[in-house]
Amino acid sequence: MNFDQLKTFLWVAKLGGVRRAAQQMNLSQPAVSARISALEEELGIKLFDRQKSGVVLTKEGLLLRSHAERVESYLSQIRAELTPSEEVKGTLRIGVAETIAQSWLSEFLSALRKHYPKLVVELSVDITMNLRDQLLSRNMDLVFLMGPLSEGNVENITLPSFQLGWFCHPQTENKDLGSAPIISFSRLSRPYQELMSELMRRYREVGQVFPSTSLSTSFEMIASGIGVGVLPIQLAQRFIEANRLISFDPGWVPDDLIFTASYLNDPRDHIVYQVAQLALQIAKDYDQKTKPQKK
């Protein structure tokens, strides 16, 4: 028995099939099958029941998975504790929501490069729903999104929040939220749903609402006078300084945006955990420098 066999066994168990495990590990299907067969022969037990939809762990397979996950976790911890950060190699797949991309992401990537110069980073910017799906399907190692995620195999580290505010073009006359066009977050996002619910509660009906998956586009739409919008205060400063936006107070504002650094814990990858902690520190530094003080 060797670790390559155990690692292959875990991927087949997690993904429920030899083909998916082969794709994940960049191996051929016969190579994956050979490792599983060798492991079964070594232990003298059957690890999987083969079905049309894939494979299912046997009773013995479930017991081995528990042991194998502990072994994988221990090895990950050993690498994290004993390997100098400048020698850590591999690929880290990170997904980020655009609010993060527009704020402290560049500082984080610079710090990550400094701490782990040999680590290759694959970066994707997307909406929270897609980032969640990518993490759960194991196509991402770490995501920064509007959280937390409630799945039991996900760990969430709470990041500093983003305070929202209402903005419009300096010459906008109609600031009545019951009738003015409103630029908002993506239709699939939590802020959009909360905004629509509150607008209906306060005004009984809602006028034109323009949801957008692009935060930068939303700012440009407001700065062009298309409508008013509720967006992160910290990201509006450059538009305000350029006299392209002003803030206004309609008497209420949605709750702050809560973000988390989220990753899988079955088992926890200690390098991913350390990178998430680095992101937390960078986010705190950014928050300290830019967040408006509440009176």
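Residues numbered from 1 in each chain as written. Predicted model: local features only at pLDDT ≥ 70, side-chain atom pairs only at ≥ 80, totals over all residues. Heavy atoms only, no water.

J.: Looking at this structure, how should I read the overall build of the chain?
T.: The number of helices and strands found in the chain is 11 helices and 12 strands. Counting only residues that meet the buried cut, the chain has 45% of its 295 residues in that class. Counting only contacts in the chain whose residues sit at least 6 apart along the sequence, the fraction spanning at least 24 positions is 76%. Working note: accessible area of the chain is about 15300 Å², and carbon and sulfur atoms make up 48% of it. (Helix = DSSP H or I, 4+ residues; strand = E, 2+ residues; numbered from the N terminus. Buried < 20%, exposed > 50% of the residue type's maximum accessible area, 1.4 Å probe, protein only. Contact = heavy atoms within 4.5 Å. Areas by Shrake-Rupley, 256 points an atom, 1.4 Å probe, with all protein chains shown as cover.)

J.: Explain the packing of helix H1 (residues 3-15) against helix H2 (residues 18-25) to me, please; I cannot follow it from the model alone.
T.: When two helices pack together, their arrangement is given by the angle between the helix axes and the distance between those axes. Where H1 meets H2, the axes come as close as 8 Å, and the angle between the chain directions of the two elements is 125°. The pairing of H1 with H2 is recorded here as oblique in orientation. Where H1 crosses over H2, the handedness of that crossing is right-handed. Residues Lys7, Thr8, Trp11, Val12 and Leu15 of H1 form the contact with H2, whose own contacting residues are Val18, Arg20, Ala21, Gln24 and Met25. Among the residues making up the contact of H1 with H2, the classes are represented as six nonpolar, two polar and two charged. (Axes fitted to C-alpha atoms, helices over the stretch in contact; angles between N-to-C directions. Parallel < 35°, antiparallel > 145°, perpendicular 65-115°, else oblique. Left-handed = near helix turned anticlockwise from the far one by under 90°. Nonpolar A, V, L, I, M, F, W, Y, C, P; charged D, E, K, R; others polar.)

J.: Looking at this structure, how should I read the pairing of strand S10 (residues 228-232)?
T.: Note on strand geometry: in a regular strand, side chains alternate between the two faces of the sheet. Extensive coverage of S10 is indicated by the burial of five of its five residues. Of the strand pairs in this sheet, strand S7 (residues 164-168) and S10 are connected by four bridges, and their pairing is antiparallel. Paired with Phe167 across the strands is Gly229, a residue of S10. Judged from the two bridges that link them, strand S8 (residues 182-184) and S10 form a sheet pairing that is parallel. Bridge pairing in S10 places Ile183 opposite Gly229. (Pairing = 2+ DSSP bridges.)

J.: In this structure, what is going on with the side chain of Thr99? I would like to understand it.
T.: Structurally, Thr99 can be placed in helix H5 (residues 98-101). Thr99 sits in the buried class, given a relative accessible area of 4%. The contact partners of Thr99, leaving out residues within four places of it in the chain, are Phe162, Phe185, Leu215, Pro232, Leu235, Leu257 and Phe259.

J.: Could you clarify how one ought to interpret helix H6 (residues 105-115) in this entry?
T.: Residues three or four positions apart in an α-helix share a direction because the helix packs 3.6 residues into each turn. Along H6, the positions that sit buried rather than exposed are Leu105, Phe108, Ala111 and Leu112. One side of H6 carries all its buried residues, which in axial view fall inside an arc of 125°. Facing away from the buried side of H6, by more than 90 degrees, are the exposed residues Arg113 and Lys114. In this fold, the buried residues of H6 make contact with strand S3 (90-96), H5, strand S4 (119-125), strand S5 (142-146) and helix H11 (270-290). (Arc of directions from axis to C-beta.)

J.: So what exactly am I meant to see when it comes to the confidence of the model for the chain here?
T.: For the chain, per-residue confidence averages 90 on the pLDDT scale, and residues scoring 70 or more make up 99% of the total. When the elements of the chain are averaged for pLDDT, helix H4 (residues 59-82) gives the smallest value, 85, and S5 the largest, 97. (pLDDT = per-residue confidence, 0-100.)

J.: Could you clarify how one ought to interpret the packing of H4 against H11 in this entry?
T.: In the contact formed by H4 and H11, the axes pass within 8 Å of each other and the chain directions differ by 50°. Taken together, the axis directions place H4 and H11 in an arrangement best described as oblique. Across the interface between the two elements, Ser73, Ser76, Gln77 and Ala80 from H4 touch His270, Ile271 and Gln274 from H11.

J.: Just to check I follow, could you spell out H11 for this structure?
T.: Taking 1.5 Å as the rise per residue, H11 with 21 residues should run 30 Å; its terminal C-alpha atoms sit 30 Å apart, in good agreement. Of the positions making up H11, those classed as buried are His270, Ile271, Val272, Val275, Ala276, Leu278, Ala279, Leu280, Ile282, Ala283, Tyr286 and Asp287. Lining the buried residues of H11 we find H4, S3, H6, S5, strand S6 (154-158) and strand S12 (259-264). Two or three places before Ile271, at the start of H11, stands the capping residue Asp269, its side-chain oxygen 2.9 Å from that residue's backbone nitrogen. (Expected span 1.5 Å × (residues − 1). Polar contact = N/O pair within 3.5 Å; in protein donor to acceptor, adjacent residues only side chain to side chain.)

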